[in-house]
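For reference, the chains in residue letters:
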Amino acid sequence: MRNRELYVSGVGSYLPAPVRAADAVREGRYAAADHDDDELDLVLVEASASPAEMAVHAGRQALADAGDPDEIALVLHGASYYQGQDFWTPATYVLRELIGSRVPAYEVRAASNSAMAALELAAAYLLADPDRVAALITVADRFTLPGFDRWATDAGVVYSDGAAAAVLSARGGFARLCAVTSRTDPELEELGRDVERFHDAPIPGGRPLDLRAFKRRYLKRAGFAELSRRLTTGLRENVTATLAAAGVDLSSVDLVVLPNLGRDLVQWEFLEPLDIPVERTSWDNARRIGHLGAGDQFANLAHLRRTGRLSPGDRVLLVGVGLGFSWTSALLEITTTGPGAPVGTSTDRS
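Presented here is a report on the structure given in the accompanying data block. Because the structure is predicted, anything quoted here is derived from the model rather than measured. (Residues numbered from 1 in each chain as written. Predicted model: local features only at pLDDT ≥ 70, side-chain atom pairs only at ≥ 80, totals over all residues. Heavy atoms only, no water.)

### Considering the pattern of salt bridges
Line of reasoning, step 1. Applying the stated criterion across every chain yields a total of 16 salt bridges.
Line of reasoning, step 2. Ionic pairing is found between Arg29 and Glu27, a salt bridge with its closest N-O pair at 2.4 Å.
Line of reasoning, step 3. In this structure Arg29 comes out as partly exposed when scored by relative accessible area, which is 41%. (Salt bridge = Lys/Arg side-chain N within 4 Å of Asp/Glu carboxyl O. Buried < 20%, exposed > 50% of the residue type's maximum accessible area, 1.4 Å probe, protein only.)

### Observations concerning unusual backbone geometry
Line of reasoning, step 1. With an omega dihedral of 10 degrees, the bond running from Leu145 to Pro146 counts as a cis peptide bond.
Line of reasoning, step 2. Of the consecutive residues Gly324 and Phe325, the connecting peptide bond is found in the cis state with omega at 10 degrees.
Line of reasoning, step 3. With respect to the helices and strands, the residue Phe325 is situated in the loop between β10 (315-322) and β11 (326-334).
Line of reasoning, step 4. For Asp68, which is not glycine, the phi dihedral falls at a positive 50 degrees.
Line of reasoning, step 5. Relative to the helices and strands, Asp68 is located in the loop between α3 (51-65) and β4 (72-78).
Line of reasoning, step 6. Judged by relative accessible area, Asp68 falls into the exposed class, the value being 55%.
Line of reasoning, step 7. Here the phi dihedral of Phe87 falls at roughly 50 degrees; this positive angle occurs in a residue that is not glycine.
Line of reasoning, step 8. Assignment of secondary structure puts Phe87 in the loop between β4 and α4 (90-98).
Line of reasoning, step 9. Residue Phe87 is classed as exposed on the basis of its relative accessible area, which comes to 92%. (Helix = DSSP H or I, 4+ residues; strand = E, 2+ residues; numbered from the N terminus.)

### Focus: a negative patch on the surface
Line of reasoning, step 1. A cluster of like negative charges, contributed by Asp36, Asp37, Glu39, Asp264 and Glu272, occupies part of the molecular surface.
Line of reasoning, step 2. Taken together, the elements giving at least two residues each to the negative patch come down to α2 (32-38) and α8 (263-274).
Line of reasoning, step 3. Along the chain, the position of Asp37 falls in helix α2. (Patch = residues over 30% accessible without salt bridge, like charges linked within 9 Å, V, L, I, M, F, W, Y side chains within 5 Å. Areas by Shrake-Rupley, 256 points an atom, 1.4 Å probe, with all protein chains shown as cover. Lys, Arg positive; Asp, Glu negative; His and termini not counted. Charge placed at Lys NZ, Arg CZ, Asp CG, Glu CD.)

### Description of helix α6 (residues 211-222)
Line of reasoning, step 1. Given a rise of 1.5 Å per residue, 12 residues ought to cover 16 Å, and the 16 Å separating the end C-alpha atoms of α6 matches this to within 8%.
Line of reasoning, step 2. Against α2 and α7 (224-246) lie the buried residues of α6.
Line of reasoning, step 3. Near the N-terminus of α6, the side chain that reaches the backbone nitrogen of Ala213, with its oxygen 3.2 Å away, is that of Asp210.
Line of reasoning, step 4. Once α6 finishes, Gly223 follows within two positions and takes phi at roughly 90 degrees, a positive value. (Expected span 1.5 Å × (residues − 1). Contact = heavy atoms within 4.5 Å. Polar contact = N/O pair within 3.5 Å; in protein donor to acceptor, adjacent residues only side chain to side chain.)

### Looking at the sheet that holds strand β5 (residues 105-108)
Within a sheet, neighbouring strands are paired by backbone hydrogen bonds and run either parallel or antiparallel to one another.
Line of reasoning, step 1. Strands sit in the order β5-β4-β6-β7-β1-β8-β11-β10-β9 across an open sheet of 9 strands; the sheet is mixed. Each edge of the open sheet is held by one strand with a lone partner, namely β5 and β9 (255-257). Neighbour to neighbour, the strand axes of the sheet diverge by 25 degrees on average, direction disregarded.
Line of reasoning, step 2. By the bridge criterion, 7 bridges tie strand β1 (residues 7-14) to strand β7 (residues 162-169) in an arrangement that is antiparallel. From the neighbouring strand, Gly10 faces β7, where its bridge partner is Val167.
Line of reasoning, step 3. Seen against the sheet, helix α10 (residues 296-306) touches β1, β6 (134-141), β7, β9, β10 and β11 and runs at an angle of roughly 100 degrees to β1. (Pairing = 2+ DSSP bridges. Axes fitted to C-alpha atoms, helices over the stretch in contact; angles between N-to-C directions.)

Written out as structure tokens, the structure is:
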């Protein structure tokens, strides 16, 4: 880390009210076979707040958890999906609402890997200049019709609404950033693209996005074995690079925070390639909140901090992956414990 240590000094999340996945099955919105594979209990649904507004709530918590630092040198806002306005810069909205200074504020778009990608970018930014002290990262998504059907747009994933945030600081914090690295496989880019045409505007014809069709088209051309090989290779190379940079091996990691995907997808995309049991992961919380788009890792870390699951000396590996296709992982070493900021909800936004 270039002879300068960085820390996660604060985390926060905004988690809307949950709905039962079983109720969605009974109402015909969520396929019973998908529910059996995914094993999700709850999914979060925001009734009115935009992603940017949710990001402000989560960011406020992260700043409070960090002791309200006044030396934020950078704001990064990550997202997977529509942020509530066309032709707009949500990162500067977050900056205006929370920081109010003239520091740089940029949006990071790496699909579900946006938070983790932003973490590496923020670390590089702080390390590039010793006068830069801290960075605020927010991520938020809201998956709503007509553009997105949270229950059916994708396979192996149910999309939840919510936001999460983290403060990265050179002054200290509850977790030392030991290493963070990224990998990309652009050959998998078309998994998230309509390869037949480009469009002139979002949501052409008002139809929900159909990621399943894009993936079926790729599988028909390349085959499942090739997809599995590329996903496994990308994940293993990224995690190996991060652990090597930190000077540790996976057996010494106490907890692995994975994306909040369905149980079957978690098994073959992460547990089997990394050869770890689900008990060493964040799955127990993931099944109660669903996939927050870009926010899974920070939201799970905030939950672990709030519930007293972290102890000094613990090593926590955060793993991110996003359509595109990119992987970013980071190893944290817990330095101190504390309750963290209380979680925000749709009825408690203070």
